[in-house]
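Chains, contacts and geometry: an overview
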Amino acid sequence: MTDHRGAVLRLWGRQLYERQGEPLAWAEAVLEATGRPPTAVTAAMSGRLDALADSPSDRAWLLFRTVAKLAANLRGDGRYDADVGTRIGPLALWLGELEPPLAGPLGDALGHPPDGPTSLVTVHAAELSRNRTIRLRAIDALLEWAELGHPQARAVLSEVASDHRTQDVTVWTKALNRIALFGDASVEPSLLRALADTGHRGVRWSALACAELGFRRAVPLITALLEHPDPMVREGACEALGLLEEHAAVPALTARLNDETNGVRSRAALALSQIGGDRALAVLWQAMMERRNPKASHLASAIAAFGPPVVDDLIALTTDPDPDLRALACRALGSTADDRALPALERLAATTSPEPPSAASWQPPPSRDWADRAPHSRAHHIDLSSTLVSTDVHSEPRRST
């Protein structure tokens with residue numbers, strides 16, 4: 001074994017488990033390879049684990065009992081115990097190292113262990129052309145290796161990302177969901193082609209992958225997706241433009257604040273808050289004032305993301321005659337966690353007005369220095385986007401397949 005030995009054994013053990021066409025026969029072969037008496041093997045394969053209660057506690061018996069548990073599980077309900085199955089291979093190899101006389105028989109029973117990550121990655125790459133279940137397992141394994149920094153896995157994933165038309169769309173989107181693990185400038189042309197293919201079911205993920213890698217040539221194509229008939233695609237386009245902090249997209253995102261779908265409206269507001277700037281703030285403020293709808297929480301949350309500069313205006317809005325605007329102001333102030341808001345929220349909470357008070361939702365400000373953070377830096381947006389998602393009833397997980 002070479003680099004990443006633990007990961008090699010873990011992934012190989014899982015692969016070994018997944019490939020057992022006849023797990024009972026495999027379990028029996030491993031039991032026999034431990035050198036235990038035939039009577040013990042027969043008892044284990046019959047599910048009589050009580051017959052092993054007085055067995056010695058040496059390492060070979062530990063493996064024997066583990067495989068016996070597997071055999072009993074198979075005999076009992078026909079389901080393969082994934083956890084046990086995944087551990088059998090690594091445990092057997094470890095025992096073979098500690099007790100050399102067992103190494104040969106166990107190796108024959110289990111199948112030859114991998115030479116290292118490269119041999120496993122090669123196998124997983126080949127599995128991308130197998131049936132759908134195997135393809136999905138293979139892409140997950142390749143992503144694990146990419147996370148460990150294996151260059152061959154990253155190269156294979158780049159090939160997957162570059163071929164949107166021939167790849168299984170689920171496999172392809174799984175890869176694009178983790179594009180930061182392996183993507184670089186070499187995948188830009190293919191992602192732009194996929195982005196232009198607006199009829200493809202994965203076009204949303206093309207937009208998000210381009211944004212994740214900062215491909216600004218994608219901005220016109222992503223902006224055009226704001227008019228796509230599928231609301232999920234429009235949501236993805238809003239999210240991508242927010243990630244890119246694309247100021248030129250403010251007018252197009254402003255139009256999406258009137259989208260027929262709640263999720264798109266929420267994503268557009270979030271994107272405007274991520275882009276930042278006076279123009280985006282003015283758009284959000286105007287929309288909130290015009291809506292006068294206490295259910296438009298996405299607008300209040302987006303305005304709150306601008307931080308201290310908006311607090312005084314929001315405090316002033318808590319005295320507006322319109323109860324809906326007061327409710328929106330309270331919601332936004334609660335999201336800012338700015339201690340200047342507390343007196344206004346307490347005052348409203350103490351009144352008998354029918355609008356729902358928001359003072360109860362106020363939390364003490366976290367230990368952070370707003371003055372040391374650029375008002376619209378990427379770090380600021382990433383930090384606040386989680387707040388926006390948590391306070392917006394229409395928000396959804398960022399990306400899923």
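As a reminder, the structure under discussion sits directly above these lines.
Residues numbered from 1 in each chain as written. Predicted model: local features only at pLDDT ≥ 70, side-chain atom pairs only at ≥ 80, totals over all residues. Heavy atoms only, no water.

**So, the packing of helix α14 (residues 231–244) against helix α16 (residues 262–275)**
When two helices pack together, their arrangement is given by the angle between their axes and by how far apart the axes lie. α16 packs onto α14 with a crossing angle of 10 degrees between their chain directions and a minimal axis gap of 8 Å. As judged from the angle between their axes, α14 and α16 are roughly parallel. Touching P231, R234, E235, C238, E239, L241, G242 and L243 of α14 are G263, V264, R267, A268, A271, Q274 and I275, all from α16. For the contact of α14 with α16, the per-class residue count stands at 8 nonpolar, 3 polar and 4 charged. (Axes fitted to C-alpha atoms, helices over the stretch in contact; angles between N-to-C directions. Helix = DSSP H or I, 4+ residues; strand = E, 2+ residues; numbered from the N terminus. Parallel < 35°, antiparallel > 145°, perpendicular 65-115°, else oblique. Contact = heavy atoms within 4.5 Å. Nonpolar A, V, L, I, M, F, W, Y, C, P; charged D, E, K, R; others polar.)

**What about the pattern of salt bridges?**
Counting across every chain of the model gives 12 salt bridges. With a shortest N-O distance of 3.8 Å, R217 and E188 are connected by a salt bridge. Placement of the pair is R217 in the loop between α12 (203–212) and α13 (219–224) and E188 in helix α11 (residues 188–196), with a sequence separation of 29 residues. The class for R217 is exposed, based on a relative accessible area of 58%. The buried category is assigned to E188, whose relative accessible area is 13%. Ionic pairing is found between D312 and R340, a salt bridge with its closest N-O pair at 3.3 Å. Of this pair, D312 sits in helix α19 (residues 311–317) while R340 sits in the loop between α20 (323–336) and α21 (342–350), and the two are 28 residues apart along the sequence. What you see here is one network of salt bridges that share partners, running through E227, R234, R256, D259 and E260. (Salt bridge = Lys/Arg side-chain N within 4 Å of Asp/Glu carboxyl O. Buried < 20%, exposed > 50% of the residue type's maximum accessible area, 1.4 Å probe, protein only.)

**A word on the packing of helix α8 (residues 132–147) against helix α10 (residues 169–177)**
Packing of α8 against α10 leaves a shortest axis separation of 10 Å and a crossing angle of 10 degrees. Classified by the interaxial angle, the pair formed by α8 and α10 is roughly parallel. Contacts from R132, R135, L136, I139, D140 and L143 of α8 reach α10 at T170, V171, K174 and A175.

**Observations concerning the environment of I315**
Inspection of the secondary structure assignment puts I315 in helix α19. On a C-alpha basis, the gap between I315 and L342 in space is 9.5 Å, while along the polypeptide they are 27 residues apart. Not counting chain neighbours up to four residues away, the residues in contact with I315 comprise L333, R340, A341 and A344.

**Concerning the side chain of D259**
For D259, the location among the structural elements is in the loop between α15 (250–256) and α16. A polar atom in the side chain of D259 sits 2.8 Å from the backbone nitrogen of T261. Aside from chain neighbours lying at most four places away, what touches D259 is R234, V264 and R265. (Polar contact = N/O pair within 3.5 Å; in protein donor to acceptor, adjacent residues only side chain to side chain.)

**Section: the nonpolar core**
I222, L253, L257 and L284 are the most contacted members of the largest nonpolar core, which totals 80 residues. Apart from the residues lying within four places of it in its own chain, the contact partners of L253 are L226, C238, L241, A268, A271, L272 and I275. Judged by nonpolar contacts, the second largest core, of 26 residues, contains A33, F64, L91 and A109. (Core = buried A, V, L, I, M, F, W, Y, C linked by side-chain atoms within 4.5 Å.)

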